[in-house]
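Chain residues, written in single-letter form:
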Amino acid sequence: MRLSPPVRAAAQRLALPMLVFMSALLMVLGKADILVIDKTRAAVVDALSPVMEDIATPLTAASAAVATVEDAVAVFQENETLRGENARLLQWQEVARRLAAENASLRNLTKLVPDQSATSLAARVIGDSGGAFLRNVLVDAGTRDGVERGEAALTGAGLIGRISEVGQRTARILLLTDLNSHVPVMIERTSERALLDGDNSSQPRLSFLESKAAVNPGDRIVTSGAGGVFPPGLPVGVVSDIENGIFRVEPYADLSRLDFVRLVDYGLSGLLPTSAIPPPRPVRVKPRGAAADADP
Amino acid sequence: MARVMAPRESGTPGSVVPVLSTFLFVIISVVPLQLPGFAAVSPSFALMAIYHWTVYRPDLLPRSAVFVLGLLLDLLTGMPYLGASALTLLIARTAVLMTRRHFVNRDFTVLWLGFLAVAAGVFIFSWALMGICAGRILDARPIAFETALTVAAYPVGSYVLARLHRAFLRG
């Protein structure tokens, strides 16, 4: 396009403020959860996922090689530790077998309805937010594999987060450590409820604790099931550190080294839009004293 | 703002190298590098590419490209405040453009020191921006670490960009 010199000069001068203004506008719009922006995000990530996978493969191989060397150095000491641990675990196995048998016979006695079955699938991590302000990862499974928003993401060790965004072939997992992650948990020993808030550090913190005195370092933290996002009892981590009244939790899963994760659908709908929640049943208020002649 | 004096080669295939390499650096920023203690915070490769091309060939990495690549970075990293990186990188480009005569054709040390200043400015700005968006004061340690890591990794990024530069472009 040919523009006259003064128009061109004006356009040149205005271009930067315009772009800055557009960035600021997008920041406001993007925060408002507009569907178009969500869809654009998912579509862009989907479109670029093959490129990302191609780059990730050799890099993963290289870092695996580094890890192998590191592990080889540590192998002797690790062996010693594992021997000791194995001896202890054998005792636990004995206990677990006895409990499983006891549990089975008790279930039989009480005709307990089994838990709702969960479906799960494994996905590979292909992207990592990397920046100092975000803690999320991209995995190579999306709606075509049946992944839905709000599903739990776990490794063998424990919960890592939940699905926050789904594209056709990719999904984003918001990690426990992200600033926007708030997971309802409880202290397993005391069943006391709390919220596990990420703050971008490697150890999320507990908030809304009722009795802080009842929490000790080493206490196991599991999901509480409140809010209907996660089922109760998923392992999350242990209380590691208490400073200035802030309780920090070390997640069981190593969030800095995720390669394969399990996405589990527990059939919960805690993140569905409000329209999916059934409206409250109308309550009929009876006038006092009229209870006797109420309809049968 | 200083106008660009470098020779125009908008017709040659080499002219897309700055945008293309910055695009690749953006993608690399989100690929998981599973080195211990490294994955949580990784260097900002996109900033390296934008710095390099703005110092040497700002004509081939226009602000509209920086804006689009910044948006792409936000989309890929799942930034809840879409546009934050676009804004930050645009400001970085403007700052570099105004001071580039101090860095062009100088020692690598000068270039590196310049990058240190830009990276520090960018990260302080984004720390403040994120804090305003989140409505509270954020822990500054991760950002300090990211700055240090990015500055430390700059020679590697710079080497790759310089090789591309020499292979495809004249000026």
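Parameters at a glance
- Along each chain, numbering runs from 1 in the same order as the chain's sequence is written.
- Labels are handed out in written order, letters beginning with A for the chains and numbers beginning with 1 for the ligands.
- Totals for whole chains, interfaces and linings use all residues, but because this is a predicted model, local features are given only for residues with pLDDT of at least 70 and pairs of side-chain atoms are given and counted only at 80 or more.
- Each helix is a run of H or I in the DSSP string that is no shorter than four residues. Each strand is a run of E no shorter than two, and both are numbered from the N terminus.
- To sort residues by burial, count the other C-beta atoms lying within 10 Å of each one's C-beta; a count of 20 or more means buried, 12 or fewer means exposed, and anything in between means partly exposed. C-beta atoms are built from the backbone.
- For the purpose of contact definition, each residue receives a C-beta atom placed from its backbone, and two residues are in contact when these atoms lie within 7 Å.
- Joined through C-beta atoms within 7 Å, a set of buried Ala, Val, Leu, Ile, Met, Phe, Trp, Tyr and Cys residues constitutes a nonpolar core.
- Residue ranges for the domains originate in an automatic or database domain assignment.
- Three residue categories are used. Nonpolar comprises Ala, Val, Leu, Ile, Met, Phe, Trp, Tyr, Cys and Pro, charged comprises Asp, Glu, Lys and Arg, and polar comprises the others, including Gly.
- Per residue, pLDDT measures the predictor's confidence, with a range of 0 to 100.
- Should DSSP find at least two bridges between two strands, the strands are regarded as paired.
- The angle between two axes is taken between their N-to-C directions and runs from 0 to 180 degrees, where each axis is a line fitted to C-alpha atoms and a helix contributes only its stretch in contact.
- Take the far helix as your reference; a near helix turned counterclockwise from it by less than a right angle gives a left-handed crossing, and one turned clockwise gives a right-handed crossing.

What follows deals with the overall build of chain B. The secondary structure content of chain B amounts to six helices and zero strands. When the helices and strands of chain B are listed from N to C terminus, the series reads α-α-α-α-α-α. Here chain B holds 171 residues, and 49% of them are scored as buried. Long-range contacts, defined here as pairs at least 24 residues apart, represent 69% of the contacts in chain B between residues at least 6 apart.

So, on to unusual backbone geometry. Residues and elements named next belong to chain A. If you check the backbone angles, Phe 208 has positive phi at about 60° while not being a glycine. For Phe 208, a count of 11 C-beta atoms within 10 Å translates into the label exposed. Phi at Asn 244 is positive, roughly 50°, even though this residue is not glycine. Locating Asn 244 in the fold gives a position in the loop between β10 (235-243) and β11 (246-251).

Core analysis: the largest hydrophobic core is formed by 101 residues, its most contacted members being Val 139, Ile 160, Ile 173, Leu 196 and Val 261 of chain A together with Ala 46 and Ile 50 of chain B. With 10 residues, helix α2 (residues 45-56) of chain B is the largest single contributor of residues to this core. Taken domain by domain, this core gets at least three of its residues from each of domain 1 (12-111) and domain 2 (119-271) of chain A. In this structure, Ala 46 of chain B is in contact with Thr 22, Phe 25, Val 26, Ser 29, Leu 69, Leu 73 and Leu 89 of chain B, ignoring residues within four places of it in sequence.

With that settled, the discussion passes to the domain arrangement of chain A. Residues and elements named next belong to chain A. Each domain of chain A was delimited in the assignment, giving domain 1 (12-111) and domain 2 (119-271). A straight line from the C-alpha centre of domain 1 to that of domain 2 covers 10 Å. Listed per partner, the contact involves 10 residues of domain 1 and 10 residues of domain 2. The class makeup of the residues in the side of domain 1 that touches domain 2 is five nonpolar, one polar and four charged.

On the chain A side, the residues contacting the 39 residues of chain B number 46 residues. Mapped onto the side of chain B that touches chain A, the elements with two or more residues apiece are α1 (17-30), α3 (63-77), α4 (84-99), α5 (108-134) and α6 (141-168) of chain B. Per-element tally for the side of chain B that touches chain A: the top contributor is α3 of chain B, with seven residues.

Per-residue pLDDT for chain A has a mean of 80; in total, 86% of the residues score no lower than 70. In the model, residues 272-296 of chain A has pLDDT below 50 throughout and makes three contacts with residues more than four positions away in sequence or in other chains.

A few words on the sheet that holds strand β8 (residues 205-207) of chain A. Residues and elements named next belong to chain A. Here six strands make up a closed barrel; going around it, the order is β6-β7-β8-β11-β10-β9 and the pairing antiparallel. With strand direction ignored, the average angle separating the axes of adjacent strands in the sheet is 45°. Taken together, the three bridges between strand β7 (residues 192-197) and β8 define a ladder with antiparallel strand orientation. When the sheet's bridge partners are listed, Leu 195 is paired in β8 with Ser 207.

The next subject is the confidence of the model for chain B. Residue and element names in this part refer to chain B. Summary statistics for chain B give a mean pLDDT of 85 and a share of 88% for residues scoring 70 or more. Contacts for the low-pLDDT stretch residues 1-6, under 50 throughout, to residues beyond four places or in other chains number 10 contacts. At the level of chain-chain contacts, confidence expressed as ipTM amounts to 0.76, with global pTM at 0.75.

Turning next to the packing of α3 of chain B against α4 of chain B. Residues and elements named next belong to chain B. Contact geometry of α3 with α4 gives a least axis separation of 7 Å together with a crossing angle of 145°. Judged by the twist between their axes, the crossing of α3 over α4 is right-handed. For the pair α3 and α4, the contacting residues are Arg 63, Val 66, Phe 67, Gly 70, Leu 71, Leu 73 and Asp 74 in the first and Ala 84, Ser 85, Ala 86, Leu 89, Leu 90 and Arg 93 in the second. By residue class, the composition of the contact of α3 with α4 is eight nonpolar, two polar and three charged.

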